[in-house]
Amino acid sequence: MQPAQTVSEIPKQYEPKDVEARWVDRWESLGVFHANVNSERTPFVIACPPPNVTGALHLGHAVNGTIQDILARQHRMLGDEVLWQPGTDHAGIATQFVVEKKLYREERKTRHDLGRDEFVSRIWDWKQTYGDTILGQYRRLGASLDYKRWRFTMDEGYSKAVRRAFVHLYERGFIYRGNRMINWCPSCLTSLSDLEVSQVVQDDKLYFVAYPVLGDEGELVVATVRPETMLGDVAVAVNPGDTRYAGWVGRQVRVPLADRAVPIIADEHVEVDFGTGALKITPAHDMNDYEIGLRHGLPVINTLSASAVLNEAAGRYAGLTREEARRRVVADLENEGCLRKIEDYQHSVGHCSRCDSVLEPYLSDQWFVRMAELAKPAIAAVEDGRIQFHPARWGGVYLDWMRQVRDWNISRQLWWGHQIPVWTCSAGHQTVVEETPRTCAHCDSQELVQDPDVLDTWFSSALWTFATQGWPEQTAELKRFHPTSVLSTARDIIYLWVARMIFSSLEFLDDIPFKDVIIHATILDPEGRRMSKSKGTGVDPLLIMDKYGTDACRFWMAGAGTSAQDVRFREEKIESYRNFANKLWNASRFVMMKAVNGTEAPQRPAVISSVIDRWILSRLTGVVHDVSEAIARYEFGVATQILYEFTWNHFCDWYLELAKPRLDSGDEGVRWVLKEVLDTLLRLLHPFMPFITEEIYQLLGQRGWVSVVASLQQVAWPEPQAVWRDGAAERDVSLLIEIVRTVRNMRAELRIEPAKLVTEMVVLAGADERQLLEEHVSLLAKMTRCERWVFISDEQAVTELKCATGLAGVVRLYLPLTQFGDLLDKEIARLRKELNALESEQLRVDSQLANDAFVARAPVAVVQKLRDRSLEIVRQLEVVQQTLARWEGA
RNA sequence: GGGCGUAUAGCUCAGUUGGUUAGAGCGCCACGUUGACAUCGUGGAGGUCACUGGUUCGAGUCCAGUUAUGCCCACCA
C-alpha cells in the first residue's frame, strides 16, 4: 500500500485516467472477478452476450456491459458467488468477410485461390492476432467479467457441444434436409434465415407487359416489377372468379422475348384488384409463384446463377447481371410493342442484413430445424413466468413470434464456422455422428464426404449459457452455474438469439437458460436516428470515456440503458455526470480534510443527538432501501437518480454546509456521521461508478476510517437501518431549510449583497418551532448571514418595525432594515407577488372545498389536508395584506 | 396490412396504484473569489402535459377516437 497522501495532495479535480488504468490491472490481479465453483455462496450468473470476434466496443456493448456489471458488482457485495461469463462469437459471415477482404487487399487472392483448409487457417491466424480487441475494451469499461473463463464459440469443447446438439436434434427428427425456396444473397453467396433479411421500402417501377393469347386476337397484360425474370415464366394466372378472363383459362399465351407458350391458369392467390388482375408465374424466382407452381404441377425454370447473373436458360440475356438484364428486357419489350405502360411503384424488398444486397428467392437444398414442437416448451416457459422479460412487453413480442415460428434454415454456404456433421458415402447414405466417422454407418463404405456447408452462427450461440459451462459433459460448473440468473441484451436479437437459447436449453437440458431477461434501450444519435457506422453517426464510447471518464459514462448509461424507451445520446449529459463525479470527489476531500481530528478515526457517538445528524441518517437509510429495491427491479435509472439527488442536494448542498459551523464548534458527532454517510454512499455508488468509489474508499482506508480491504468489491452492500428512520427529524430539518431559503430569497429580491451581514432577524414562531430554531440560531446565522435572531410570540411587536416580511410555513420572518426606505418599492413588489400567489391558491383551494361532492367523496386525509392549507392561507394572507397596507400607506 | 411504443419547460427526459402549487439536468436571467468543488454556489424566469370527447368530486395519469412520429412483423405481382 502506498503511503497516505495528505489531503492537500489530493487533486482538486478528479482525474479519471490514471485511476482507471490502475484499478483495471489491480482488480484483475486480485482475482476478485473470478468465480469459485466450489464456494458455498449463492450463485449469481450472467452469461455475457458474446460479441463478434471481429467486433469493437460500441455504445450498445457499453450500455449492456454497464448493466451487467452493476448487477455483478452489487451481487458480489451482497455475498453471492458471481460468475459473469465472457467470450466471443465466431460470427460466420462477418468474420469470413473481414478476412476475405484483407486477403484480397494484401494478396489479390480469393478464398478459392487458397482452398478451404488454408483459408480457414488464415482466419484462425487473424483471430489470434486481432480477434479479441474487444476484450481489452471491456476491461476499459471496468467490466468485472471472469476473464479467466473466456470462451469462443469455435473452441474445442464448444465445437463438441455444437455437434452433440446437431446430432441430438437430427436423431429426434428435428433436423431435416429439404429442397426449398430460401433467401439467397448473391453477394455473400449463401443462404440466410428469414431473420437475416431486412425488408426495405423502395421506389420501383411496375411494368405492364402484354402476353398474346394463342388462337385469339386478344392479349393478357400482366404487371410485374421484375420483367427480367419473364424468361422463366411457366404460366400466367388469374383469379378464378375474375369474369374478365374467365373464357381464357385453360388456353395459352406466348411469353414475349422467349417464344414459349405457357398456360393460363386460375388461382385464388391472384388479387383481382391489383395491377391487371393477371400474374405471371415464375416459380424459380418468387416465393408465391413457387407455391402456385407446386399447386398446378408446373415446371421450374431457373434463369439465374448463384451470383444473380442470368444463365443459359435466359437465352440471349445469359451473362448479364439482373440489373442489366432488366434494362435490356424492357427495351426489347418496347421494341416488340409488348410494353403497355410503366407506373411508379413503392414496395418492400428483402436485403441482406450483412451486405445490403437485394436478396433472391432461390431454390436449393438446405438443412432446416423443424420448429413447431421445439417452440411449445419455449412458449410455456415464458407464459408461466419461469422466464420474465423486463420490460414485460418484450415477453409478448417473444411469444407472438414463437407462436408462429417457421422452420429455421441452419445451413450456410460458407467456410468459416461449424461444418455440418453429416457425411455421405458413395452409395448416398448419410452418417450423422458426433465423432468424425471412418466408415458409413449403413454400408461400411469408407468414401465419406462431409457436407461442405457450415451451421448458422446462431445455432452455436444458442447453446451459450450451457456450452460455456462444459456441456455436454456434466461438469461441476454446469451443475453450479446453470441456469443463469439474468440475461441482458438488445431487443434486435430477441428472435435471433434469446428465443433460440430458450428452446435449446429446454430441449438439451430440460431447463430454462435464465430467469430474467433485461432488454435494454437502444441509444440513438442526438437527432433521434439509429446510430450507424456507415452513415458516420456512430459514437465511439472509448473516446467519450477518455474525455469524461468511464464512471461518468457508466452512470449515464445505467440510466439510459434501462429507460423504457429509446434514448438520444448527448455529450452534455455525460458532462453533467463528469461534474457529478467531481462533486463526489470534492465532497470526499472535504470529509477527509475536516472530519479528521488529529489522526484519530471518527468514533461512533453513543447517542446521535443532533436533529441534523438524525435527519441525514434517516434520509440515508431511505436511500439504501430505495436504491436496493430499484436495482432488484432492474430500474437502474431510478437508482442513479436517487443517488445523484441525495449526494448532490442532500449531502453536499445541505448536510455539508450545515456541518461546517458545527465542525468549527468542536461537535464530535458530525465527524462520525460525515464518515458514515460517505462510506455508505461509496458502497451504493460502487456498482455504477466503480473506479472513483474504489479510489476514494482506499483513501479512507489509508486513514483507518474504514477497514482496509484490497477492493471495495469485498465490502458488504449496505442494509437499511430501521432505527435511523426519523420522521420528526426530517420534518424539523425541512423547516430549517425552508427558513434559510426564505431568508435567502428575501435578500436576493431586496438586492442585499451576499457579502453584507444583516444584523438582526426577528422571528415569530410557535413554541415547538421556536425551540428548534433557538437550538440552531448559530447555524441559521451562518447560512443566511444574519447575525442575531430575536424570537417574539406576538405580532404586535413588529407592526411598527421597518422590516421586510417572509413566510416559511407557520413561521414568520421579519427582516428589519435600517435603509428600509430605499428598499420599500422592492419589498412592496415582493409582497405583491406573494399576495397574488396566495390569492390564486386560495381561490383554487376554497372552490374545491366548496364542492360538496368533493368533500363527501374524497378520502378524509385529502380533504383535511386541503382544509389545513386553507386556514394557513388565510393566516398568511392576513400578514401579507396588513403589511402591504402599512407600507403602501407609508 | 397487423402489432408494439412515443407525444410533458427553449433542449433532453422523469412523473409509481387518479388527490394540495406537474419535477430534474442542460440552456437562460441576476448576483457571488466566506477556508470541498467555478466541472462551483445562491436566487429567479419558463409548461393550455399533442388534439377531441368520455368516466370521476377530482385526469399528465383511466377509456374511446384523431393527428404526428418511431420500431417490429407480414409472400399483393
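Details of the structure are given in the entry above.
Residues numbered from 1 in each chain as written. Chains lettered and ligands numbered in written order. Predicted model: local features only at pLDDT ≥ 70, side-chain atom pairs only at ≥ 80, totals over all residues. Heavy atoms only, no water.

Draft legend 1. Inspection of the overall build of chain A at higher detail. Scanning chain A from terminus to terminus reveals 29 helices and 29 strands. For 890 residues, the compact-globule estimate of 2.2 N^0.38 gives 29 Å, and chain A exceeds it by more than 25% at 38 Å. When its C-alpha atoms are laid out on the principal axes, chain A stretches across 115 × 65 × 55 Å. Counting all 890 residues of chain A, 54% fall into the buried class. The contacts of chain A with a sequence gap of at least 6 include a subset with a gap of at least 24, amounting to 77%. Accessible surface, chain A: about 39,400 Å² in total, of which carbon and sulfur atoms supply 48%. For chain A, the separation between the mean place of its 103 positive charges and that of its 123 negative charges on side chains is 3 Å. (Helix = DSSP H or I, 4+ residues; strand = E, 2+ residues; numbered from the N terminus. Rg over C-alpha atoms; globule rule 2.2 N^0.38 Å. Buried < 20%, exposed > 50% of the residue type's maximum accessible area, 1.4 Å probe, protein only. Contact = heavy atoms within 4.5 Å. Areas by Shrake-Rupley, 256 points an atom, 1.4 Å probe, with all protein chains shown as cover. Lys, Arg positive; Asp, Glu negative; His and termini not counted. Charge placed at Lys NZ, Arg CZ, Asp CG, Glu CD.)

Draft legend 2. Region of the structure containing the pairing of strand 7 (residues 197-212). As paired strands, strand 7 and strand 13 (residues 339-352) are joined by 13 bridges and run antiparallel to one another. Residue pairing across strands places Asp 203 opposite Gln 346, the latter belonging to strand 13. In this structure, strand 7 lies alongside strand 8 (residues 219-224), joined through 6 bridges in antiparallel fashion. If you follow Val 209 over to strand 8, its bridge partner there is Val 222. Connecting strand 7 to the next strand, strand 8, in antiparallel fashion are 6 residues, including Gly 215 with a positive phi near 70°. (Pairing = 2+ DSSP bridges.)

Draft legend 3. Layout of the pattern of salt bridges. In this structure the tally under the stated criterion is 57 salt bridges. Here Arg 662 ties to Asp 613 by a salt bridge, and the two come within 2.8 Å at their closest N and O atoms. One end of the pair, Arg 662, is in helix 20 (residues 636-664); the other, Asp 613, is in helix 19 (residues 611-632), and 49 residues separate them in sequence. Note that Glu 668 is salt-bridged to Arg 671, the shortest N-O span being 2.9 Å. For Arg 671, a relative accessible area of 9% translates into the label buried. One network of salt bridges, in which partners are shared, links Asp 204, Arg 226, Glu 228, Arg 322, Glu 323, Arg 326 and Glu 360. (Salt bridge = Lys/Arg side-chain N within 4 Å of Asp/Glu carboxyl O.)

Draft legend 4. The arrangement of the packing of helix 18 (residues 571-594) against helix 20 in detail. Viewed as axis vectors pointing N to C, helix 18 and helix 20 meet at an angle of 25°, and their least axial separation amounts to 11 Å. Overall, the two elements helix 18 and helix 20 adopt an arrangement that is roughly parallel. Handedness of the crossing formed by helix 18 with helix 20: left-handed. Judged by residue contacts, Tyr 577, Asn 579, Phe 580, Lys 583, Leu 584, Ala 587, Phe 590, Val 591 and Lys 594 of helix 18 engage Leu 643, Tyr 644, Thr 647, Trp 648, Phe 651, Cys 652, Asp 653, Leu 656, Lys 660 and Leu 663 from helix 20. Partitioning the contact of helix 18 with helix 20 into residue classes produces 13 nonpolar, 2 polar and 4 charged. (Axes fitted to C-alpha atoms, helices over the stretch in contact; angles between N-to-C directions. Parallel < 35°, antiparallel > 145°, perpendicular 65-115°, else oblique. Left-handed = near helix turned anticlockwise from the far one by under 90°. Nonpolar A, V, L, I, M, F, W, Y, C, P; charged D, E, K, R; others polar.)

Draft legend 5. Examining the environment of Ala 427 more closely. Turning to its location among the elements, Ala 427 is positioned in the loop between strand 18 (422-424) and strand 19 (430-432). A relative accessible area of 52% places Ala 427 in the exposed class. Separated by 21 residues in sequence, Ala 427 and Leu 448 place their C-alpha atoms 9.6 Å apart.

Draft legend 6. Quick peek at the packing of aromatic side chains. Scanning the entire structure with this criterion turns up 34 aromatic pairs. Measuring from ring centre to ring centre gives 5.5 Å for Tyr 176 and Phe 368, while their planes differ by 20°; the resulting arrangement is stacked. Placement of the pair is Tyr 176 in strand 5 (residues 175-185) and Phe 368 in strand 14 (residues 360-369), with a sequence separation of 192 residues. There is no split in this pair, since Tyr 176 and Phe 368 are both buried. With a centroid separation of 5.9 Å and 75° between ring planes, the pair formed by Phe 274 and Tyr 345 is classed as edge-to-face. Of this pair, Phe 274 sits in the loop between strand 11 (260-266) and strand 12 (278-281) while Tyr 345 sits in strand 13, and the two are 71 residues apart along the sequence. Phe 274 gets classed as partly exposed once you look at its relative accessible area, which sits at 43%. You can call Tyr 345 partly exposed: its relative accessible area is 24%. Taken together through their ring pairs, the aromatic side chains of Phe 166, Tyr 170, Trp 367, Trp 408, Phe 459 and Phe 503 make up a single cluster. (Phe/Tyr/Trp six-rings, centres within 6.5 Å; stacked < 30°, edge-to-face > 60°.)

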